[in-house]
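Structural overview
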Amino acid sequence: MDNLESQELALLLDPERIPRHVAIIMDGNGRWANRRGLPRIAGHRAGVNPVRDCVETCAQMGVEALTLYAFSVENWKRPRTEIDTLWRLLRFYLRRELPELNKNNVVLRVLGRLDALPAKVREEIDYAEERTQRNRGMRLNLAINYSGRAEILDAVNAVIAQARLAGTLDTLRLDEESISSNLYTSDLPDPDLLIRTSGEMRVSNFLLWQIAYAELYVTDTLWPDFSRTELMRAFLDFQKRERRFGGLVMKDPVPAAIAEDEWIEETAVSSK
Ligand code: FPP
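Right, let's walk through the structure included here. None of these values were measured; they are calculated from a predicted model. (Residues numbered from 1 in each chain as written. Predicted model: local features only at pLDDT ≥ 70, side-chain atom pairs only at ≥ 80, totals over all residues. Heavy atoms only, no water.)

1. With respect to the site of the ligand
Lining the immediate environment of the ligand, one finds 16 residues, of which Asp27, Gly30, Arg31, Arg40 and Arg78 sit closest. The backbone of Gly30 places a nitrogen or oxygen atom 3.0 Å from an oxygen atom of the ligand. Alone, the ligand offers 620 Å² of accessible surface; in the complex the protein occludes 91% of this. At the level of secondary structure, the elements contributing two or more residues to the shell around the ligand comprise helix H2 (29-35), helix H3 (40-46) and helix H5 (80-103). Element by element, the count of residues in the shell around the ligand is highest for H2, at three residues. Class assignment of the residues belonging to the shell around the ligand gives a composition of six nonpolar, six polar and four charged. (Near = heavy atom within 4 Å. Polar contact = N/O pair within 3.5 Å; in protein donor to acceptor, adjacent residues only side chain to side chain. Areas by Shrake-Rupley, 256 points an atom, 1.4 Å probe, with all protein chains shown as cover. Helix = DSSP H or I, 4+ residues; strand = E, 2+ residues; numbered from the N terminus. Nonpolar A, V, L, I, M, F, W, Y, C, P; charged D, E, K, R; others polar.)

2. Description of a nonpolar patch on the surface
A cluster of nonpolar side chains, Leu169, Leu172 and Leu174, forms an exposed patch at the surface whose accessible area comes to about 210 Å². Checked against the element boundaries, Leu172 lands in the loop between helix H7 (148-166) and helix H8 (176-180). The class for Leu172 is partly exposed, based on a relative accessible area of 31%. (Patch = residues over 30% accessible without salt bridge, like charges linked within 9 Å, V, L, I, M, F, W, Y side chains within 5 Å. Salt bridge = Lys/Arg side-chain N within 4 Å of Asp/Glu carboxyl O. Buried < 20%, exposed > 50% of the residue type's maximum accessible area, 1.4 Å probe, protein only.)

3. Examining the packing of aromatic side chains
Between two aromatic rings, the relevant description is the distance of the centres plus the angle of the planes. According to the stated counting rule, one finds eight aromatic pairs in the structure shown. Ring plane angle 55 degrees and centroid distance 5.6 Å describe the contact between Trp76 and Trp87, whose orientation is recorded as tilted. Of this pair, Trp76 sits in the loop between strand E2 (65-72) and H5 while Trp87 sits in helix H5, and the two are eleven residues apart along the sequence. On the basis of relative accessible area, Trp76 is assigned to the partly exposed category, the value being 34%. (Phe/Tyr/Trp six-rings, centres within 6.5 Å; stacked < 30°, edge-to-face > 60°.)

4. Some details on the environment of Pro189
If you trace the backbone, Pro189 turns up in the loop between H8 and strand E5 (193-196). When near neighbours in sequence (up to four residues on either side) are disregarded, Pro189 contacts Arg20, His21 and Glu64. (Contact = heavy atoms within 4.5 Å.)

5. A short note on the pattern of salt bridges
Side-chain pairs of opposite charge can arise where the charged atoms are in close proximity. Going through the model one piece at a time under the given rule, you end up with 22 salt bridges. Between Asp27 and Arg31 there is a salt bridge whose closest N-O contact spans 3.4 Å. Given a relative accessible area of 17%, Asp27 falls into the buried group. According to the relative accessible area criterion, Arg31 is partly exposed, its value standing at 29%. One salt bridge connects Asp53 with Arg228, and the closest N-O pair in it is separated by 3.2 Å. Here Asp53 is found in helix H4 (residues 48-61), whereas its partner Arg228 is found in helix H9 (residues 228-240), with 175 residues between them in sequence. Assigned by exposure class, Asp53 and Arg228 land together as buried.

6. Considerations on the packing of H4 against H5
When two helices pack together, their arrangement is given by the angle between the helix axes and by the axis-to-axis distance. Two numbers describe how H4 lies on H5: the axes approach to 11 Å, and their chain directions differ by 30 degrees. Judged by the inter-axis angle, H4 sits roughly parallel to H5. Our pair here, H4 against H5, has a crossing hand that is right-handed. Between H4 and H5, the residues in contact are Val48, Val51, Arg52, Val55 and Glu56 and Leu89, Tyr93, Arg96, Glu97, Glu100 and Leu101, respectively. For the contact of H4 with H5, a count of residues per class yields six nonpolar, no polar and five charged. (Axes fitted to C-alpha atoms, helices over the stretch in contact; angles between N-to-C directions. Parallel < 35°, antiparallel > 145°, perpendicular 65-115°, else oblique. Left-handed = near helix turned anticlockwise from the far one by under 90°.)

Right, here's the structure in full:
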């Protein structure tokens, strides 16, 4: 923990209800740089620090998985120089942070269509994944050249291919389990908490299947300013939520039959 405020907030957390899987849409690097009269790439560079802080904090707090949206399939539309800078930053991060990831027992995995990435980036990813695969602590997923829709389509096609191979294509019926077990995150719980920085109210094609019941936390803070304190605020906010997964939480239960009869009578009277 880097400051008193985040330490104080951490003490307010219920250690039994730390989100198991946290997903983050890191947004606002460009705006952060713009506001300072700097080139957009300065914002990306400044965005590496909160990545490091979040990884360390989540690993130390017992989060099982942290998934960070680092590059979407749509990001290819950006200027070439910006994309090249993102690759350079990623390689820099992986190389520099490897000892720290190992120290924190983090297992690194990259999610996305990696064949489109420059060879040097793929090599760095392979190396970092290989060097962390024997760790037993938090899983860190970096979503790179990632698309939630593509992931679902890949999963569906994988189920079809498996059925074709097994000769059961004619009778194939897809269910939730068959999709879930073919996603990049098949070995992880779905995210409990999805954080988005820079105030945008969008999910931007991120983990579309997996976030079905995730609690959303949107902050106006731009990603380079996202601190441990803000992460603790997101956790506290999460712990205040009542998660119902589509069901009901009855605090002061009214006998259902009576409540329903009264409602029907009232509706009948008022619509006369
Ligand atoms: C969104 O900000 C951010 C990105 C597209 C890239 C995220 C990259 C980093 C945080 C840097 C390093 C990452 C790792 C994993 C080491 P934006 O450029 O869309 O901001 P804007 O909406 O203000 O333009």
